Amino acid sequence: MATPRPLLSSDINRRLNEALPHWRHQDGALRRDYRTSGWRATLLAANAIAHLAELAWHHPELELGYDHIGIRLSTHSAGGVTDLDLALAEEIERWLGWRPGPDSALSGTPAEHAYLIDDAG
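Residues numbered from 1 in each chain as written. Predicted model: local features only at pLDDT ≥ 70, side-chain atom pairs only at ≥ 80, totals over all residues. Heavy atoms only, no water.

Participant: Sorry, what's going on with unusual backbone geometry here?
Facilitator: What you tend to see is this: most non-glycine residues have negative phi, and most peptide bonds are trans. Positive phi, close to 50°, is recorded for Asp-27, a residue that is not glycine. Its place among the elements puts Asp-27 in the loop between strand E1 (24-26) and strand E2 (29-36). Positive phi is not limited to glycine here, since Trp-57 has a value of about 55°. With respect to the helices and strands, the residue Trp-57 is situated in the loop between helix H2 (39-56) and strand E3 (61-65). (Helix = DSSP H or I, 4+ residues; strand = E, 2+ residues; numbered from the N terminus.)

Participant: Where do I start with the nonpolar core in this structure?
Facilitator: As a rule of thumb, nonpolar side chains are buried together in soluble globular proteins. Trp-23, Leu-30, Leu-73 and Ile-92 are the most contacted members of the largest nonpolar core, which has 21 residues in total. At the level of elements, helix H1 (9-19), E2, H2, strand E4 (68-73) and helix H3 (83-97) are the ones that each hand at least two residues to this core. (Core = buried A, V, L, I, M, F, W, Y, C linked by side-chain atoms within 4.5 Å. Buried < 20%, exposed > 50% of the residue type's maximum accessible area, 1.4 Å probe, protein only.)

Participant: Explain H3 to me, please; I cannot follow it from the model alone.
Facilitator: For an α-helix the count is 3.6 residues per turn, leaving residues at separations of three or four pointing the same way. Look at H3: 21 Å from first C-alpha to last across 15 residues, which is about the 21 Å you get at 1.5 Å a residue. Residues Asp-85, Leu-86, Leu-88, Ala-89, Ile-92, Glu-93 and Leu-96 constitute the buried set of H3. Along the axis of H3, the buried residues cluster in a sector spanning 165°; they form a single face. For H3, the elements touching its buried residues are H1, E2, H2, E4 and strand E5 (116-117). (Expected span 1.5 Å × (residues − 1). Arc of directions from axis to C-beta. Contact = heavy atoms within 4.5 Å.)

Participant: Which parts of the structure should I look at to understand the pairing of E3?
Facilitator: Working note: regular strand, side chains alternate between the two faces of the sheet. As judged from the five bridges shared by E3 and E4, these two strands associate in the antiparallel manner. Residue Gly-65 lies in a different strand from E4, and its bridge partner there is His-68. Counting the residues in the hairpin turn of E3 and E4 gives two residues. (Pairing = 2+ DSSP bridges.)

Participant: Explain the packing of H2 against H3 here, please?
Facilitator: The axes of two packed helices give the description: the angle between them and the distance between them. As a packed pair, H2 and H3 sit with axes 10 Å apart at the nearest point and diverge in direction by 140°. Compared by their axis directions, H2 and H3 come out oblique. Where H2 crosses over H3, the two elements pack in a sense that is right-handed. Two secondary-structure elements touch here, H2 through Ala-45, Ala-48, Ile-49, Leu-52, Ala-53 and Ala-56 and H3 through Leu-88, Glu-91, Ile-92, Trp-95 and Leu-96. Tallied by class, the residues present in the contact of H2 with H3 amount to ten nonpolar, no polar and one charged. (Axes fitted to C-alpha atoms, helices over the stretch in contact; angles between N-to-C directions. Parallel < 35°, antiparallel > 145°, perpendicular 65-115°, else oblique. Left-handed = near helix turned anticlockwise from the far one by under 90°. Nonpolar A, V, L, I, M, F, W, Y, C, P; charged D, E, K, R; others polar.)

Don't take any of this as a statement about function, it's just geometry.
Structure follows, in structure tokens:
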């Protein structure tokens with residue numbers, strides 16, 4: 001497989017605005033921070049991210065704290081952000097943001113047990 005090429009900042013920012021509004025381009029990487037309800041929630045989110053990354057064979061840097069998780073994505077072999085990073089960011093966002101729909105047989109996590117804190121910005 002050929003080494004992917006880094007994307008231009010303008011292309012990265014356009015794609016973030018279109019599909020990943022909670023992500024930012026900072027210091028040569030894609031960044032996203034989640035607030036959680038505590039340590040258990042942080043570990044649940046980290047494990048979900050690790051599972052997706054392993055399946056994609058593209059591994060982010062994770063920063064874990066008691067009530068937060070930070071994700072940093074870049075393609076080291078390319079020296080910057082590539083399509084690989086954006087694709088994994090989209091999967092992370094999709095999976096961590098998934099909730100059962102109104103017609104689902106699944107009820108969803110009760111509000112008093114929610115572990116990812118919805119961040120509108």
